[in-house]
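Given next are the chains, with one letter for each unit.
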Amino acid sequence: MVSGIERPLDLLNVSKGKEVLVYLKGDKQFAGTLLAFDIHINLVMDNVKEMQNGEVKKNLGLTFLRGDTIICISPASTALKK
Amino acid sequence: MVSGIERPLDLLNVSKGKEVLVYLKGDKQFAGTLLAFDIHINLVMDNVKEMQNGEVKKNLGLTFLRGDTIICISPASTALKK
Amino acid sequence: MVSGIERPLDLLNVSKGKEVLVYLKGDKQFAGTLLAFDIHINLVMDNVKEMQNGEVKKNLGLTFLRGDTIICISPASTALKK
Amino acid sequence: MVSGIERPLDLLNVSKGKEVLVYLKGDKQFAGTLLAFDIHINLVMDNVKEMQNGEVKKNLGLTFLRGDTIICISPASTALKK
Amino acid sequence: MVSGIERPLDLLNVSKGKEVLVYLKGDKQFAGTLLAFDIHINLVMDNVKEMQNGEVKKNLGLTFLRGDTIICISPASTALKK
Amino acid sequence: MVSGIERPLDLLNVSKGKEVLVYLKGDKQFAGTLLAFDIHINLVMDNVKEMQNGEVKKNLGLTFLRGDTIICISPASTALKK
Amino acid sequence: MVSGIERPLDLLNVSKGKEVLVYLKGDKQFAGTLLAFDIHINLVMDNVKEMQNGEVKKNLGLTFLRGDTIICISPASTALKK
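Every value quoted in this text rests on a predicted model; they were computed, and no experiment measured them.

### Examining the environment of Ser15 of chain D
Residues and elements named next belong to chain D. Residue placement: Ser15 occurs in the loop between α1 (8–14) and β1 (19–24). Residue Ser15 is classed as buried on the basis of its relative accessible area, which comes to 3%. With 58 residues separating them along the chain, Ser15 and Ile73 place their C-alpha atoms 9.7 Å apart. Not counting residues within four places of it along the chain, the set of residues in contact with Ser15 comprises Val20, Leu34 and Pro75.

Below is the structure:
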């Protein structure tokens, strides 16, 4: 799966339609399906769950995330395999 | 409803006139009707309620929100369906 | 009053000469009459009152506010009507 | 005095040579005479007094202030009149 | 190994495919294999481990890191040699 | 001494070779001789003393200061005269 | 040694290959040999030691530092001479 990642945005591109875990500044975590992104790393995710200490704090559904609050984005499938 | 979201701003476009929940930096939450947005994610919302711990803290009515304080924007209808 | 708000700055334009409530980063609130704004959301307001917990903390009179400290701007009349 | 304020920087222009109170991020307040400003809101003030809780904490004399630390700038004369 | 580092990004270039330790703002540390970077210092790393006080807190697998949260990036091999 | 200050950077220009006091974000203060500056307000100072509560905490000698951490810059001679 | 510093980046240029002490936002200090820098003040340093209260906390070896986390950069030799 790692093959084909030449530039950082390539990982976002191959993650469209898949589950991702997003860390935000201020210790928030959002889990959901990545639908869209742009060069500012603004995202739209679906079925978003706001997580806290591994538990679902709130269901947010479809959500626009502003790029400058994002620390990292990780496809869930790659975390499970490790 | 997810169909047609190619770019992040598409979600804001289809949410015009609808209820949205906005998370701001510094743990503020605003709920209201999205009227307008621009590429900086500056928003105008109507019937804005400042929320704290799920309760209405203050009614602000029509409100301009500066984009760089925004963490995420979520149409309320999609959260309710989940 | 909502009609005619196509872009976020339209709300600031129709609020000139009217009372507005401004939330600033760092939990400051300023109330006063909006006189002028620019695309950076720099404002000039008159009869500015610095508010804290709903009480007037200080009268500042004519004041220039730098846009990047602003969270939101709300015309007072629309809050009262709700 | 309000007449003639079409754009936010107009207030800084008419305040040159006059006493102003400046709020900075991090709860600092500087009082002094405004000598110069630029479009970044960088300022030069003279006879600057660093204020804390209404008292003079330090005399700084001539001072360059970097614009991005500034919250607001208020001509002292307009505050006194209210 | 130091030879050939003319510009800061040269170190990132020679570190591709190698283990790196990344310090993020807010006291987070990520260890993993550097796969890609761009001029904003956005990174993609594989086999990412979120570290806290020298221990693995969470396995994140493939991860996109946004450049503006990064403090420093250090190839692990050079730290071990010292 | 105030004459000739048309723009904020003029004060930095006439302060070259003189003692200045610099306030940094995060409550640091540096005192030293201003050698050079640029439009980002990056500075080079010599004989820099890191100050805390009016006492010298550390001698840093020649130092490059990044502009975006600077709050204000004040020529020491103008403070003493007041 | 001060001669020849016309612009702030000149000090970084003459410090290449020499020991420098770097203060970062969030009270971190890195000591090491400056190898490279760019106009964003991104640095590469070698033999980097993360310092805390004057003691070595961690050896990081070769390290890329992102410019926007840097407060100041000071050649060690100039501090010792004072």
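### Description of the arrangement of the chains
Nowhere do chain A and chain C come into contact; their C-alpha atoms are at least 15 Å apart. One finds no contact between chain C and chain G; the C-alpha atoms of the two approach each other to within 18 Å at their closest.

### Regarding the pattern of salt bridges
The full count for this structure, using the stated rule, is 42 salt bridges over all chains. A salt bridge links Asp68 of chain A to Arg66 of chain A, with the shortest nitrogen-to-oxygen separation between them at 3.0 Å. Two residues, Asp27 of chain F and Lys28 of chain D, come together in a salt bridge whose shortest N-O distance is 3.8 Å. Of this pair, Asp27 of chain F sits in the loop between β1 (19–24) and β2 (28–37) while Lys28 of chain D sits in strand β2 (residues 28–37), which puts the two residues in different chains. Taking the relative accessible area as the measure of exposure, Asp27 of chain F reaches 63% and is therefore exposed. On the basis of relative accessible area, Lys28 of chain D is assigned to the buried category, the value being 12%. Bridged by salt links that share partners, the residues Asp27 of chain A together with Lys28, Glu50 and Lys57 of chain E form one connected network.

### Some details on the interface of chain A and chain E
Across the contact, 27 residues belong to chain A and 24 residues belong to chain E. The tally of links from chain A across to chain E stands at 2 salt bridges. Summed over the shared surface of chain A and chain E, the number is 9 residue pairs in polar contact (both at pLDDT 80 or more). Going through the elements one at a time, α1 (8–14), β1 (19–24), β5 (70–75) and α2 (76–81) of chain A are the ones with two or more residues in the side of chain A that touches chain E. Class assignment of the residues belonging to the side of chain A that touches chain E gives a composition of 16 nonpolar, 5 polar and 6 charged. The pairing of β5 of chain A with strand β4 (residues 55–65) of chain E spans 2 bridges and is antiparallel. Paired with Cys72 of chain A across the two strands is Leu65 of chain E, which belongs to β4 of chain E.

Calculation notes
- Position numbers for residues count from 1 along each chain, tracking the sequence in the order it is written.
- Ligands are numbered from 1 and chains lettered from A, in the order in which they are written.
- In view of the model being predicted, local features appear only for residues whose pLDDT reaches at least 70, and side-chain atom pairs are presented and counted only at 80 or more, with totals across whole chains, interfaces and linings using the full set of residues.
- Based on all heavy atoms of the structure, the side-chain values leave hydrogens and waters out of the count.
- Secondary structure elements are defined from DSSP: runs of H or I of at least 4 residues count as helices, runs of E of at least 2 residues count as strands, and each element is numbered from the N terminus.
- Burial classification: accessible surface area is computed with a 1.4 Å probe over protein chains only, and a residue below 20% of its type maximum counts as buried, one above 50% as exposed, and the rest as partly exposed.
- By the convention used here, residues are in contact when the closest approach between their heavy atoms is within 4.5 Å.
- Criterion for a salt bridge: a side-chain nitrogen of Lys or Arg within 4 Å of a carboxyl oxygen of Asp or Glu.
- Nitrogen and oxygen atoms within 3.5 Å of one another constitute a polar contact, given that in protein one can donate a hydrogen and the other can accept it, and given that sequence-neighbouring residues count only through two side-chain atoms.
- Each residue is assigned to one of three groups, with Ala, Val, Leu, Ile, Met, Phe, Trp, Tyr, Cys and Pro labelled nonpolar, Asp, Glu, Lys and Arg labelled charged, and all others, Gly among them, labelled polar.
- At least two DSSP bridges between two strands are needed for those strands to be called paired.

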